[in-house]
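Descriptive analysis of the structure
The lines below spell out each chain.
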Amino acid sequence: ILLFVGTVITSLGVVREREQGTLEQLAVMPLRPLDVTIGKIAPYFLVALIDMAVVTVAGLWLFDVPFEGSILLFAAYGLLFLFVVLGLGVAISTVSRSQGEAIQLAIMTLLPQIMLSGMIFPLGSMAPGVRWIGYLLPLTWFIIGMRGIFLKGTSATALLFPLMILAIMAAVVLAVALLRFRRDLTPKRADPPPDPSQHLTGAAAS
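Bear in mind that the values here come from a model prediction, so they are computed numbers and not experimental data.

1. Some words on the overall build of the chain
Tallying secondary structure elements over the chain gives nine helices and zero strands in all. Its helices and strands taken in sequence order, the chain reads α-α-α-α-α-α-α-α-α from the N to the C terminus. Within the chain, the proportion of its 206 residues that are buried is 39%. Taking contacts inside the chain between residues at least 6 apart in sequence as the whole, the part at least 24 apart equals 77%. Of the roughly 12,100 Å² that the chain leaves accessible, carbon and sulfur atoms contribute 72%.

Now the structure itself:
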């Protein structure tokens, strides 16, 4: 759910605003690109936080999923993963020209994470040539952390390495997405109008 909301919904929302001309209107307003970026990402971040809370409560109360770990670690893993998927959504929106293209690119990032992250098939049962791809996906490290926190009560020391990997991914993806988004918000310079004196000089010379 977090992967879908952060990637698909965010990319579609930003692309739709670009198609409607909203981003171009914001680009000429006296606002910093960082302010506009935060304003566009914040609503999706809040929606994803609410989804995470609802899913967690449903898992604990309705399905009796045990929670054996630390609440602080759970919050850290959840926030970092949200930053990663939101960054992916913004990055997809910056390279998409339409909502259809955004959906296709979002699905291309969703399917490998679902199939190769260990959520459905264990990483140990995958071929070595495919397994390394799973370790490049943020969902893999999020699942490792969540399983350790919920089911095993793994210590914070053992979960520190996956948390650091997720933090590095979040920093890289967010930095790339924000830089591309800021570039889209930068007003394009218009070419200066032609100088009439040059035309008069040329006509006189001819």
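2. Regarding the layout of surface pockets
There is about 730 Å³ of room inside the largest pocket. As for the largest pocket, its lining consists of 22 residues, of which Val55, Met119, Phe142, Ile143 and Met146 are closest to the centre. Among the elements of the structure, helix H1 (2-20), helix H3 (33-61), helix H4 (71-95), helix H5 (99-116) and helix H7 (138-152) are those that each provide at least two residues to the lining of the largest pocket. The dominant element in the lining of the largest pocket, judged by the number of residues it contributes, is H7, at seven residues.

3. Notes on the environment of Arg182
Within the element layout of this structure, Arg182 appears in helix H8 (residues 160-185). For the pair Arg182 and Arg32, spaced 150 residues apart in sequence, the C-alpha to C-alpha distance is 9.1 Å.

4. Overview of the side chain of Thr94
Relative to the helices and strands, Thr94 is located in helix H4. Of the residues examined, Thr94 reaches a relative accessible area of 10% and is grouped as buried. A polar atom in the side chain of Thr94 sits 2.6 Å from the backbone oxygen of Ala91.

5. A closer look at H5
The first and last C-alpha atoms of H5 sit 26 Å apart over 18 residues, in line with the 26 Å expected at 1.5 Å per residue. Those residues of H5 that fall on the buried side of the exposure criterion are Ala102, Ala106, Leu110, Gln113 and Leu116. Positive phi shows up at Gly118, right after H5, with a value of about 90°.

6. Comments concerning the confidence of the model for the chain
Chain-level statistics for the chain give a pLDDT mean of 82 and a share of 85% at 70 or above. Looking across the chain, the model is least confident in helix H9 (residues 196-205), with a mean pLDDT of 52, and most confident in H7, with 91.

7. Here's the deal with the packing of aromatic side chains
All chains considered together, the criterion is met by seven aromatic pairs. For the ring pair Phe67 and Phe74, a centre distance of 5.9 Å and an interplane angle of 80° mean the geometry is edge-to-face. Overall, the relative accessible area of 26% leaves Phe67 in the partly exposed class. Ring centres of Tyr135 and Trp141 lie 5.9 Å apart, and the angle between their planes is 50°; this geometry places the pair in the tilted category. The rings of Phe67, Phe74 and Phe150 are connected pair by pair, giving a single aromatic cluster.

Rules of the game
- Residues numbered from 1 in each chain as written.
- Predicted model: local features only at pLDDT ≥ 70, side-chain atom pairs only at ≥ 80, totals over all residues.
- Heavy atoms only, no water.
- Helix = DSSP H or I, 4+ residues; strand = E, 2+ residues; numbered from the N terminus.
- Buried < 20%, exposed > 50% of the residue type's maximum accessible area, 1.4 Å probe, protein only.
- Contact = heavy atoms within 4.5 Å.
- Areas by Shrake-Rupley, 256 points an atom, 1.4 Å probe, with all protein chains shown as cover.
- 1 Å grid on protein atoms, 1.4 Å probe; cavity = no way out; pocket = protein on both sides within 12 Å on 5 of 7 lines; lining within 4 Å.
- Points joined across faces, edges and corners; volume = space filled by probe spheres on them.
- Polar contact = N/O pair within 3.5 Å; in protein donor to acceptor, adjacent residues only side chain to side chain.
- Expected span 1.5 Å × (residues − 1).
- pLDDT = per-residue confidence, 0-100.
- Phe/Tyr/Trp six-rings, centres within 6.5 Å; stacked < 30°, edge-to-face > 60°.

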